[in-house]
Amino acid sequence: AFILRGLPKNSFVSLSKRLKYLSEKGVRAPVLLNPQEFVKYGIEKCPAFLVKGDKAFDILYGNISLLSALELIKERGEAQISSDLMSKLKGGIHE
């Protein structure tokens, strides 16, 4: 899921335009507005990629592709979850 801390430019219109653009690019993922998740995981800058396991989580910061972020997290932390997500991504499943 894409989790947002708030609305871009504090505007639902701006959010709608960005979501439409992503949809046209083939991105299919739930979008949640949930600032509490940023506090819960100590995320203070973006973009941030978070992979959460049963007992641990990994965060990677930076302007890189989702696939690259998952590859790095696989190497350094939540390997199984990252591998599963990479398989879905490479297989064209964007849910």
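Our structure is the block above this text.
Residues numbered from 1 in each chain as written. Predicted model: local features only at pLDDT ≥ 70, side-chain atom pairs only at ≥ 80, totals over all residues. Heavy atoms only, no water.

1. What about the overall build of the protein chain?
- A tally of regular secondary structure across the protein chain gives 4 helices and 4 strands.
- When the helices and strands of the protein chain are listed from N to C terminus, the series reads β-α-β-α-β-β-α-α.
- Taken over the C-alpha trace, the protein chain has a radius of gyration of 14 Å; the compact-globule value for 95 residues is 12 Å, and the two agree within 12%.
- Across its three principal directions, the C-alpha atoms of the protein chain cover 40 × 30 × 20 Å.
- Restricting the contact set of the protein chain to residue pairs at least 6 apart, pairs at least 24 apart contribute 37%.
- About 7100 Å² of surface is accessible on the protein chain, with carbon and sulfur atoms providing 54% of the total. (Helix = DSSP H or I, 4+ residues; strand = E, 2+ residues; numbered from the N terminus. Rg over C-alpha atoms; globule rule 2.2 N^0.38 Å. Contact = heavy atoms within 4.5 Å. Areas by Shrake-Rupley, 256 points an atom, 1.4 Å probe, with all protein chains shown as cover.)

2. Some details on helix 3 (residues 66–76)
- Of the positions making up helix 3, those classed as buried are Ala 69, Leu 70 and Ile 73. On an axial view of helix 3, the arc spanned by its buried residues comes to 95°, and they lie on one face. (Buried < 20%, exposed > 50% of the residue type's maximum accessible area, 1.4 Å probe, protein only. Arc of directions from axis to C-beta.)

3. Some details on the packing of aromatic side chains
- One pass over the structure, following the stated rule, counts 1 aromatic pair.
- Considering the side-chain rings of Tyr 41 and Phe 57, the 4.7 Å spacing of their centres and the 75° angle between planes classify their relative orientation as edge-to-face. Of the two residues, Tyr 41 is situated in the loop between helix 2 (35–40) and strand 3 (48–52) and Phe 57 in strand 4 (residues 57–61); the sequence distance between them amounts to 16 residues.
- Taking the ring centre of Tyr 61 as reference, the NZ or CZ of Lys 45 above it sits at 5.0 Å. (Phe/Tyr/Trp six-rings, centres within 6.5 Å; stacked < 30°, edge-to-face > 60°. Lys NZ or Arg CZ within 6 Å of the ring centre and 35° of its normal.)

4. What to know about unusual backbone geometry
- The omega torsion of the bond from Cys 46 to Pro 47 falls at 0°, within 30 degrees of zero and hence cis.
- Note that Pro 47 resides in the loop between helix 2 and strand 3.
- A positive phi angle, near 55°, is found at Lys 9, a position not held by glycine.
- Within the fold, Lys 9 resides in the loop between strand 1 (2–4) and helix 1 (12–24).

Geometric values such as these leave the question of function open.
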